[in-house]
Amino acid sequence: MRILLCPLSDGGYLYPTIAAGRELRRRGHHVSVLGRSGAAPVAADAGLPFAATEDFGERRAFSVAWWGTSAMAQYRATVRAARADRADLLITSVLCHGTLLAAEVLGLPVVVVGLSVHLWDYRAGGDDEPPLGRPRRNRTREMRQQYAEVREQAGLPARGSRWGDDPLPGDALLLRGDPELEYPGTELPDRVVHVGPLRWEPTPGPGEVEAVREQVARSGKPVVYVHLGRVFEGGSRWPHLNETFTGGRFQAVVEQGRSPSPEPAPGADILTVRKPWMGPLIDLADLVVTSGTSAPVLAALLRGRPLAASPNGSEQPLLTGACMRAGVGVHLPKSALSDWPALLDSAWRDDALRDRARTLGRRLAAVDGAARAADVVERVAQHSVIPKEDHDYANVSP
């Protein structure tokens, strides 16, 4: 089977898709990656062939920063790349409406790699779930409407998807978390399945980890790893970071690539880095500060590290709430700068919090997510209602 990976090219979406792709390649399938040109070194590190969207005339396709306005660019790039690769199946990520549409018009099965929690309406239960950010019903309705608009832009009727009224999961949606992170008493929709973390990230270069270790050793203070997501409407956390890590008991290693407009104050115990990997940095720390995005939450838990979360928008409040219910993290309020040092100190000293993080982390680590994902992909291909010979490459004009 020829499989084209076409997720968003940002690490939190690209890396877990590559994890599934590498397992599928190990099983004998031909697997290649479509993404923005900046993702080429990542694909090379994973040992997978790569095609750049720019080579198909689409510069902005598969960027998380432009996902809301680039669906047609995704669609055009995917159609052209799938045609060139003679793909039999697509694997994409959430927020890739253009790739879902490409799969539909090409007659290809498509598997969607999701986040660590389910974003949209449950099949049943959850009626008493408190609002965490935007209500599920609102989020689901808006995302379905966006997909309908993409269909219309491509010249198709807004309704009529082969998935009926629920196109967002494609033929299967893979969640990277654990059932404990879902709201109690709920049932996931059909086609949605937990597969586990899908662990993979690029390999650090020679001496990179040692250089960071030497720098934090100079301070001697306990290390907190900080990995923030997009700001959305919530505002920068840099004032909080500067107050927390200036003259206090902790030092911070802050991933600059995920923390918009880094502004460490003079004299703050803050080391900013820009790395395509985070695992070795979390290994240096005993606590992880995040805005509540899937990649740092899963990476922290897999290493038994408790979390301190200060969410902004999108899925961040939802995943933060899940971590609070599971008892593996504390909430850092965005409005109270002066509370952060005490909250971090409390989390640092909380052995029960750390034990729960280790327990959930061991359960996540015990799951072979790549194997589970590959099983789902092969099952989708086997049970596809679209015969391979009916893939409609010739009749699609992007």
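The preceding data block contains the structure.
These numbers come from a predicted model, not from an experiment.

**Digging into the overall build of the chain**
Item 1. The secondary structure content of the chain amounts to 13 helices and 13 strands.
Item 2. Expected size for 398 residues packed as a compact globule is a radius of gyration near 21 Å; at 21 Å, the chain falls within 12% of this value.
Item 3. In terms of overall dimensions, the chain has C-alpha extents of about 65 × 50 × 35 Å along its principal axes.
Item 4. Among the 398 residues that make up the chain, the fraction classed as buried is 57%.
Item 5. Carbon and sulfur atoms make up 49% of the accessible area of the chain, which totals about 16,000 Å².
Item 6. Averaging the positions of the 47 positive and the 47 negative side-chain charges in the chain gives two centres separated by 2 Å.

**Things to note about the sheet that holds strand β9 (residues 251-255)**
Item 1. What the 6 strands build is an open sheet, ordered β10-β9-β8-β11-β12-β13; its pairing is parallel. Looking at which strands have only one partner, the edges of the open sheet turn out to be β10 (270-273) and β13 (329-331). Going from strand to strand, the sheet's axes swing by 20 degrees on average, the running direction of each strand aside.
Item 2. Pairing analysis gives 4 bridges linking strand β8 (residues 223-227) to strand β11 (residues 287-290), with the strands arranged parallel.

**Quick notes on the side chain of Ser-32**
Item 1. Its place among the elements puts Ser-32 in strand β2 (residues 30-35).
Item 2. Leave out the neighbours within four places in its chain, and Ser-32 touches Ile-3, Leu-4, Leu-5, Pro-49 and Asp-85.

**Regarding unusual backbone geometry**
Item 1. For Phe-62, which is not glycine, the phi dihedral falls at a positive 70 degrees.
Item 2. Relative to the helices and strands, Phe-62 resides in the loop between β3 (50-52) and α3 (71-85).
Item 3. Of the residues examined, Phe-62 reaches a relative accessible area of 0% and is grouped as buried.
Item 4. Within the chain, Arg-86 stands out as a residue other than glycine whose phi angle is a positive 55 degrees.

**Some words on α3**
Item 1. An ideal rise of 1.5 Å per residue puts 21 Å on 15 residues; α3 measures up with 21 Å between its terminal C-alpha atoms.
Item 2. Counting buried positions over the 15 residues of α3 gives 11, a clear majority of the element.
Item 3. At its buried positions, α3 is contacted by β1 (2-5), β2, β4 (89-93), α4 (97-106) and α5 (136-153).
Item 4. Downstream of α3 by one or two residues, Arg-86 has phi in the positive range, about 55 degrees.

**Notes on the side chain of His-29**
Item 1. Within the secondary structure, His-29 sits in the loop between α1 (11-26) and β2.
Item 2. Looking at His-29, its side chain comes within polar contact range of the side chain of Glu-378, at 2.8 Å.
Item 3. What His-29 contacts, discounting residues up to four positions off in sequence, is Met-1, Ile-3, Leu-24 and Glu-378.

**Concerning the pairing of β9**
Item 1. Counted residue by residue, β9 has 5 buried out of 5 residues, so it is predominantly covered.
Item 2. Every second residue of β9 is oriented toward a common face, with Gln-251, Val-253 and Glu-255 on one face and Ala-252 and Val-254 on the other, all of them buried.
Item 3. Summarising the sheet, β8 and β9 pair through 4 bridges and their orientation is parallel. Looking across to β9, one finds that Val-226 is bridged to Val-254.
Item 4. Here 4 bridges tie β9 to β10, and the two strands are oriented parallel to one another. Looking at β10, one finds that Val-253 is bridged to Leu-271.

**Quick look at the pairing of strand β5 (residues 110-113)**
Item 1. Here β5 shows a buried face lined by Val-110 and Val-112 and a second buried face lined by Val-111 and Val-113.
Item 2. In this structure, β4 lies alongside β5, joined through 4 bridges in parallel fashion. Within the sheet, the bridge partner assigned to Ser-93 lies in β5 and is Val-113.
Item 3. Bridge count between β5 and strand β6 (residues 172-175): 3 bridges; the pairing is parallel. Along β6, the bridge assignment pairs Val-111 with Ala-172.
Item 4. Taken together, β5, α5 and β6 form a β-α-β motif whose crossover is right-handed.

**Quick notes on α4**
Item 1. Burial runs high along α4: 10 of the 10 residues are buried.
Item 2. Those residues of α4 not exposed but buried are His-97, Gly-98, Thr-99, Leu-100, Leu-101, Ala-102, Ala-103, Glu-104, Val-105 and Leu-106.
Item 3. As for α4, its buried residues are in contact with α3, β4, β5 and α5.
Item 4. In the segment just after α4, Gly-107 is the residue with positive phi, at about 75 degrees.

**Overview of the pattern of salt bridges**
Item 1. Here the structure, examined in full by the defined rule, presents 24 salt bridges.
Item 2. The shortest N-O distance in the salt bridge between Arg-80 and Glu-58 comes to 3.3 Å. Here Arg-80, found in helix α3, pairs with Glu-58, found in the loop between β3 and α3; they are 22 residues apart in sequence, far enough to count as distant.
Item 3. For Glu-180, the salt bridge is made with Arg-363, and the minimal N-O distance between the two is 2.2 Å. Taken together, the positions of Glu-180 in the loop between β6 and β7 (192-194) and Arg-363 in helix α12 (residues 351-365) put the pair 183 residues apart, joining distant regions of the chain.
Item 4. Through salt bridges that share partners, Glu-23, Arg-26, Arg-27, Asp-375 and Glu-378 make up one connected network.

What counts and how
Residues numbered from 1 in each chain as written. Predicted model: local features only at pLDDT ≥ 70, side-chain atom pairs only at ≥ 80, totals over all residues. Heavy atoms only, no water. Helix = DSSP H or I, 4+ residues; strand = E, 2+ residues; numbered from the N terminus. Rg over C-alpha atoms; globule rule 2.2 N^0.38 Å. Buried < 20%, exposed > 50% of the residue type's maximum accessible area, 1.4 Å probe, protein only. Areas by Shrake-Rupley, 256 points an atom, 1.4 Å probe, with all protein chains shown as cover. Lys, Arg positive; Asp, Glu negative; His and termini not counted. Charge placed at Lys NZ, Arg CZ, Asp CG, Glu CD. Pairing = 2+ DSSP bridges. Axes fitted to C-alpha atoms, helices over the stretch in contact; angles between N-to-C directions. Contact = heavy atoms within 4.5 Å. Expected span 1.5 Å × (residues − 1). Polar contact = N/O pair within 3.5 Å; in protein donor to acceptor, adjacent residues only side chain to side chain. Right-handed = clockwise from strand over helix to strand, strands pointing away. Salt bridge = Lys/Arg side-chain N within 4 Å of Asp/Glu carboxyl O.

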